[in-house]
Amino acid sequence: MRFLGYFEQICSIPHCSYQAQKLGEFLLEFSKSRGFEAKIDESFNIHAIKGKPKICLQAHYDMVCVGEAPKIELENDGEFLSAKNSTLGADNGIGLAIIMDIMDEVQDLEVLFTSDEEVGLIGANAFAGEICAPALLNLDSEDDSEVIIGCAGGLLAEFRREFEPCELGLGELFSSSVSEHFGTGLLSNEGSHSTSAKNCTQNNSNLNADYCESSGHFGTGLLSNEDSHSTSAKNCTQNSSNLNANYYELSCEGLEGGHSGMQIAKNIPNAIKELAHFAKNNGANILAMSGGDRDNAIPTWAKALVSASSKLQSKGLVNAKKLDLLGAKELFAKLCDDDLKNTIIMKANSADFTRRENSKNSRIPLLNDFLLALPHGVLGWDEGLGLPKTSANLAIVRTRLTSKDENARIAFSVQIYARSSSQAELTKLKNSYEAISELAGFKSSFGPSSLPWEPEQSEFATSVLNALQKYRPNAKITAIHAGLECGCLSAKMKQKGKKLVACSIGPNISGAHTINERCEIKSAQIIAQVLRNLLKNA
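In this text the structure is predicted, and so the values were computed from the model without any measurement.

Definitions and cut-offs
- Residues numbered from 1 in each chain as written.
- Predicted model: local features only at pLDDT ≥ 70, side-chain atom pairs only at ≥ 80, totals over all residues.
- Heavy atoms only, no water.
- Helix = DSSP H or I, 4+ residues; strand = E, 2+ residues; numbered from the N terminus.
- Buried < 20%, exposed > 50% of the residue type's maximum accessible area, 1.4 Å probe, protein only.
- Contact = heavy atoms within 4.5 Å.
- Areas by Shrake-Rupley, 256 points an atom, 1.4 Å probe, with all protein chains shown as cover.
- Patch = residues over 30% accessible without salt bridge, like charges linked within 9 Å, V, L, I, M, F, W, Y side chains within 5 Å.
- Salt bridge = Lys/Arg side-chain N within 4 Å of Asp/Glu carboxyl O.
- Lys, Arg positive; Asp, Glu negative; His and termini not counted.
- Charge placed at Lys NZ, Arg CZ, Asp CG, Glu CD.
- Polar contact = N/O pair within 3.5 Å; in protein donor to acceptor, adjacent residues only side chain to side chain.
- Axes fitted to C-alpha atoms, helices over the stretch in contact; angles between N-to-C directions.
- Parallel < 35°, antiparallel > 145°, perpendicular 65-115°, else oblique.
- Left-handed = near helix turned anticlockwise from the far one by under 90°.
- Nonpolar A, V, L, I, M, F, W, Y, C, P; charged D, E, K, R; others polar.
- Disulfide = S-S within 2.5 Å.
- 1 Å grid on protein atoms, 1.4 Å probe; cavity = no way out; pocket = protein on both sides within 12 Å on 5 of 7 lines; lining within 4 Å.
- Points joined across faces, edges and corners; volume = space filled by probe spheres on them.

A. Fine view of the overall build of the protein. The helix and strand inventory of the protein stands at 15 helices and 24 strands. Per-residue burial over the protein gives 59% buried out of 538 residues. The long-range fraction of contacts in the protein, counting pairs at least 24 apart against all pairs at least 6 apart in sequence, stands at 80%. With the model as given, the accessible surface of the protein reaches about 21600 Å², and the carbon-plus-sulfur share is 46%.

Quick look at the structure:
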């Protein structure tokens, strides 16, 4: 089982999405050392050819990093591979390792290692080379009894809005009476405070109040880039004795999580949705929130600062903890911490996104109402294939301060990832997102989308099925509700006037994109042997 040694090497090299160049360089040098003519393109795809190949083996070399990853403490109990307190990266590291094993033996072979698949099939979409072999076999599937010939397309959306502190009921946290507690540098150290906070009058007899009451509570002009603040925020006043509200920390942690495509139909609890429903059901208002790790993973955790006029008690999956004013301020600072797992948000705000400004201002609903309005889960079912046709994953929520001076505003951002086997359904969903965001006064942004890979039966897929059925008699040809690079690469070759047939197989992997990820060793052995048999008979 030479591939296990290669997988261990892969685990020792950090390769989170957007940060996998070192692993790419390793794979490039490995390919050359095995006699392949290999090169790396501008998008960090590694393309290697040896002899006269009839099959191109393909896998991606980035991974979803959750928990302590990219540090991976590999565990092998003889039956399964797993990692301690992190994602394992078997998706797609075990595919890489199996291909490396095959490269040691086969003389006529083509290999394509693609970059940044987990964040939108970026490498495959940017691949400008030409695949020489007439058939492509992708090793990114997670069930050794399936030959995949179709997958869903994807659409990544983000929604952003900036608020004055008083609009969210946070004027008290920014007031001079507690300014010394901003020791983390979230606001200016010169003792200045936001204009909106200065104009909030506070009755200090009750420090548990949290609102700046105003007839213009959901004011306009918040999307302006000007330094001036909204009239409603300037005029907001706070009467603690009348509102008698309290601060709480809500948390939902340690949920099962899972792949947002492969496991979306299991109705796994979404930590972000759980907090939003709890707040709505208990009359609480979300003031700041962070939750979720990756757009393609169902959120396992979320934490929020909320206000409530009545006592909150922990219930179900949500824990409620009462806070004094200092505790509320400290939690707000923690939720706004720039070091808080926000690398995907920073990338999502890159030039790859096209911005759509709202044409008009509108009443802003409470933040929990906005989260509840966004869809999550299966939105349509394909009866023929017995899997979701369309789904959405409410994936990431973050709260940030726009600056560290007296003009600081609070930026609230949400990411959601949609999938569908129908491009028309993805377009409809995009229209719905734009409408919801405009009604809520948010900006909507859309990242690069991937097209659905429509199922197509081929002689190559049948030959792969026959080879697999020697070990898994019940193996079948099907499609999945997740993203694969096969369709993208086939479409690119079609544009070049070349027909490329493709399908995907892979070993049994469970809990992908979570710290519970495991890979069955015997299953990986089977996939490696299937490849040997296919290449021998090609």
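That covers the picture; the talk isn't over yet.
B. Just a negative patch on the surface, in detail. Among the surface-exposed residues, Glu68, Glu73, Glu75, Asp77 and Glu79 lie close enough to one another that they form a single negatively charged patch. When you line up the elements, Glu75 lands in strand 4 (residues 74–76). Overall, Glu75 belongs to the partly exposed group, its relative accessible area being 35%.

C. Region of interest: the environment of Glu105. Mapped onto the secondary structure, Glu105 falls in the loop between helix 3 (90–103) and strand 6 (109–114). On the basis of relative accessibility, which here comes to 36%, the residue Glu105 falls in the partly exposed class. Spatially, the C-alpha atoms of Glu105 and Arg34 are 9.2 Å apart, while their sequence positions differ by 71 residues. Excluding anything up to four places from it in sequence, Glu105 contacts Arg2 and Arg532. Looking at Glu105, its side chain comes within polar contact range of the side chain of Arg2, at 2.7 Å.

D. Main features of the side chain of Thr478. Here Thr478 is to be found in strand 21 (residues 476–480). For Thr478, a relative accessible area of 11% puts it in the buried group. Other than its neighbours up to four places away in sequence, Thr478 contacts Glu146, Val147, Ile148, Ile149 and Gly150.

E. Main features of the packing of helix 2 (residues 21–33) against helix 3. Running from amino to carboxyl end, helix 2 crosses helix 3 at an angle of 15 degrees, the nearest separation of the two axes being 11 Å. Here helix 2 is positioned roughly parallel relative to helix 3, judged by the angle of their axes. In terms of crossing hand, the pair formed by helix 2 and helix 3 is left-handed. In this structure, helix 2 uses Leu23, Phe26, Leu27, Phe30 and Ser31 to contact helix 3, whose residues at the interface are Leu96, Met100 and Met103. Of the residues in the contact of helix 2 with helix 3, the class split is 7 nonpolar, 1 polar and no charged.

F. Expanded view of the state of the cysteines. Counted according to the given criterion, the structure contains 1 disulfide. Across the disulfide from Cys16 sits Cys65; the S-S distance is 2.0 Å. Judged by the sign of its S-S torsion, about -100 degrees, the bond between Cys16 and Cys65 is left-handed. With Cys16 in the loop between helix 1 (2–11) and helix 2 and Cys65 in the loop between strand 3 (55–60) and strand 4, this pair connects stretches of sequence that are 49 residues apart.

G. Main features of empty space enclosed by the protein. Evaluated as defined, the whole model comprises 5 cavities of 30 Å³ or more. Taken together, Val66, Gly257, Gly258, Gly292, Asp293, Arg294, Ala297, Ile298, Pro299, Thr300, His513 and Thr514 make up the full set of residues lining the second largest cavity. The class makeup of the residues in the lining of the second largest cavity is 4 nonpolar, 6 polar and 2 charged.

H. Geometry of unusual backbone geometry. In this structure, Pro70 follows Ala69 across a cis peptide bond, with omega equal to 20 degrees. The residue Pro70 is located in the loop between strand 3 and strand 4 in this model. Across the junction of Asp91 and Asn92, the peptide omega takes the value 10 degrees, indicating a cis bond. Structurally, Asn92 is set in helix 3. Despite not being glycine, Asn85 has its phi angle at roughly 65 degrees, a positive value. Note on placement: Asn85 falls in the loop between strand 5 (80–83) and helix 3. With a phi close to 60 degrees, Asn267 is a non-glycine residue in the positive phi region. In this structure, Asn267 sits in the loop between strand 11 (258–259) and helix 8 (271–281). Owing to a relative accessible area of 67%, Asn267 belongs among the exposed residues under this scheme.

I. View of the packing of helix 1 against helix 15 (residues 521–537). Put simply, helix 1 and helix 15 touch, their axes get as near as 10 Å, and they point 110 degrees apart. When the interaxial angle is binned, helix 1 and helix 15 end up roughly perpendicular. In this structure, the crossing between helix 1 and helix 15 has a hand that is right-handed. Counting all contacts with helix 1, which are made through Arg2, Phe3 and Leu4, the residues of helix 15 involved are Ile521, Ala524, Gln525 and Arg532. Here the residues of the contact of helix 1 with helix 15 are counted per class, giving 4 nonpolar, 1 polar and 2 charged.

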